[in-house]
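Residue strings, one per chain:
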Amino acid sequence: MSQSEATAVACANIAFVKYWGNLDADRRLPLNDSLSMNLSAATTTTHVRFDPRLAADRVALDGETRYGPTRARVVAHLDRVRRRAGIGTRAEVTSANSFPMGTGIASSASGFAALTLAAVGAVGLERSEEELSVLARLGSGSAARSVPGGFVEWRAADTDAGSFARSLAPPEHWDLRDVVAVVSRDHKAVGSADGHTAARTSPYLGARLAELPPRLGAVRRALLARDLASLGPAAEAEALSLHAVAMTSRPPVLYWQPGTLALLHVVRRWRSQGLGVYFTLDAGPNVHLLCEGHDAAAVEAELAHLDYVEFSLHNRPGGAARLVTAAQDVPA
Ligand code: DP6
């Protein structure tokens, strides 16, 4: 093939019902359905250029050339796209996050969703949104949910083609905000891939999985009804359930830092004082504060008083992953 390239942008997402544990780790087939909102202010922009003159793939993330496991994971994803396109051409991948590097804000969801769209776009393959979501899932499970826009549900299934995400409602459906309070920039002690494996060793995993179907139904109904008073408690219970499984895995995985626990108490206090704010957590120490648009300025003002919060990132519901340039042939 001649040179061809494309650029794509995708949002990270925050799950209200979370992915924690796999049925099949190689294919990232999750144990349970999950539901999330895309994050408007946490995006990855990725440029992929296939070039027959390259002897090996090149990967640069946030301005740094990557080697080792990070590069290998990107190369494995390019290989999936090359297999589907029937080509062997090597590529240069250049990717940048909108949020500052090393802030503990997960970038694998936005990263693999953007990489999927850019690589598929660059080789000129036609793929439906569902197929793109399946492909993104193979790179990082939560990336399946960063392909569609707004509020998104990802189905668990025991086949590769059956496990993809779909939009439940567009970003305009509800002015829900996620203000991420960063309490630690440290790199995660245990990456999510190892966390998913460890989950299977927790005696509480079965109890968690049993409570998920009714919780998923309640969260879906609350979202569709724009009902934060129902969504918030379910999202908090869900975050604590995931961390209970992590903390009781063998060996235990403890993501919380002192600032994490302090914020959980503070959110409950603000709520008792009348502010409509709830928390959720990913596999890390930073706390996601959920509120409606009319309370967001008050939440940010309160956060500004807390010296253990390094900074915050204010998100609205984000759109679908998209190509920002079409595939184009460039003369070699
Ligand atoms: C706690 O999608 O990061 O954020 O498939 O290994 O890349 P990999 O895992 P990843 O796991 C996300 C875990 C979570 C919950 C969620 O986003 O659903």
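Residues numbered from 1 in each chain as written. Predicted model: local features only at pLDDT ≥ 70, side-chain atom pairs only at ≥ 80, totals over all residues. Heavy atoms only, no water.

Engineer: Can you break down helix α3 (residues 129-139) residue by residue, with the values?
Structural biologist: The element α3 is largely enclosed, with a buried count of eight among its eleven residues. All buried positions along α3 are accounted for by Leu132, Ser133, Val134, Leu135, Ala136, Arg137, Leu138 and Gly139. Contacts made by the buried residues of α3 are with β3 (29-30), α1 (68-85), α2 (108-123), β8 (151-154) and β9 (165-169). (Buried < 20%, exposed > 50% of the residue type's maximum accessible area, 1.4 Å probe, protein only. Helix = DSSP H or I, 4+ residues; strand = E, 2+ residues; numbered from the N terminus. Contact = heavy atoms within 4.5 Å.)

Engineer: An account of the domain arrangement of the protein is requested, with residue identities and associated values reported.
Structural biologist: The domain architecture assigned to the protein consists of domain 1 (5-172) and domain 2 (176-315). The C-alpha-based centres of domain 1 and domain 2 are spaced at 23 Å. Taken residue by residue, the interface counts 31 residues in domain 1 and 42 residues in domain 2. Taking both sides of the interface into account, the surface hidden between domain 1 and domain 2 amounts to around 3000 Å²; carbon and sulfur atoms contribute 71%. Contact with domain 2 buries surface across domain 1, with Phe16, Lys18 and Trp20 losing the most and accounting together for 30% of the total. (Domains from an automatic or database assignment. Buried area = accessible area lost by both parts, 1.4 Å probe.)

Engineer: Describe the packing of aromatic side chains, and please don't skip the residues or the numbers.
Structural biologist: Counting across every chain of the model gives two aromatic pairs. Centre to centre, the rings of Tyr19 and Trp154 are 4.9 Å apart; their planes meet at 70 degrees, and the pair counts as edge-to-face. Of this pair, Tyr19 sits in the loop between β1 (3-17) and β2 (22-24) while Trp154 sits in strand β8, and the two are 135 residues apart along the sequence. Grouping residues by exposure puts Tyr19 and Trp154 together as buried. (Phe/Tyr/Trp six-rings, centres within 6.5 Å; stacked < 30°, edge-to-face > 60°.)

Engineer: Residue-level account of the sheet that holds strand β13 (residues 311-315), with values.
Structural biologist: Hydrogen bonds between backbone atoms are what pair the strands of a sheet, whose relative direction is either parallel or antiparallel. With respect to topology, four strands assemble into an open sheet ordered β11-β12-β10-β13, the strand pairing being antiparallel. Each having just a single partner strand, β11 (277-281) and β13 make up the two edges of the open sheet. Strand-to-strand twist in this sheet, taken as the mean axis angle between neighbours without regard to direction, amounts to 25 degrees. Pairing of strand β10 (residues 176-182) with strand β12 (residues 287-292), which is carried by six bridges, proceeds in the antiparallel orientation. Bridge pairing in β12 links Val180 to His288. Contacting β10, β11 and β12, helix α6 (residues 228-247) crosses the sheet at an angle of about 30 degrees to β11. The sheet contacts of helix α7 (residues 258-272) involve β10, β11 and β12, and relative to β11 the element is tilted by about 155 degrees. (Pairing = 2+ DSSP bridges. Axes fitted to C-alpha atoms, helices over the stretch in contact; angles between N-to-C directions.)

Engineer: Can you lay out the pattern of salt bridges for me, pointing to particular residues and giving the numbers?
Structural biologist: If charged atoms from side chains of opposite charge come close, those side chains can pair. A full pass over the atoms with the stated rule returns 18 salt bridges. Here Arg82 makes a salt bridge to Asp79, at a shortest N to O gap of 2.8 Å. Taken as a pair, Arg82 and Asp79 lie in helix α1 at a separation of three residues, close to a single helical turn. With relative accessibility at 3%, the residue Arg82 sits in the buried group. (Salt bridge = Lys/Arg side-chain N within 4 Å of Asp/Glu carboxyl O.)

Engineer: Hey, could you go over the site of the ligand for me, with residue numbers and the actual values?
Structural biologist: Around the ligand, the structure places 17 residues, and the nearest of them are Arg28, Ser140, Gly141, Ser142 and Arg145. Between the ligand and Ser142, the relevant distance is 2.6 Å, taken from an oxygen atom to a side-chain nitrogen or oxygen of the residue. A distance of 3.0 Å separates an oxygen atom of the ligand from a polar atom in the side chain of His196. About the coverage of the ligand: the protein hides 95% of its 460 Å² of free accessible area. Across the shell around the ligand, the residue classes tally to six nonpolar, six polar and five charged. A domain split of the shell around the ligand shows at least three residues from each of domain 1 (5-172) and domain 2 (176-315). (Near = heavy atom within 4 Å. Polar contact = N/O pair within 3.5 Å; in protein donor to acceptor, adjacent residues only side chain to side chain. Areas by Shrake-Rupley, 256 points an atom, 1.4 Å probe, with all protein chains shown as cover. Nonpolar A, V, L, I, M, F, W, Y, C, P; charged D, E, K, R; others polar.)

Engineer: Tell me about the packing of α1 against α3, residues and numbers included.
Structural biologist: Between α1 and α3, the least distance of the axes is 9 Å, while the angle of their chain directions is 145 degrees. Seen along the crossing, α1 lies across α3 with a hand that is right-handed. Residue-level inspection shows Arg73, His77, Arg80, Val81 and Arg84 of α1 in contact with α3, the latter providing Leu135, Ala136, Leu138 and Gly139. (Left-handed = near helix turned anticlockwise from the far one by under 90°.)

Engineer: Help me get a handle on helix α4 (residues 192-199), residues and values and all.
Structural biologist: Considered for burial, the residues of α4 that qualify are Gly195, His196, Ala198 and Ala199. The buried residues of α4 occupy an angular sector of 165 degrees when projected down its axis, which confines them to one face. (Arc of directions from axis to C-beta.)

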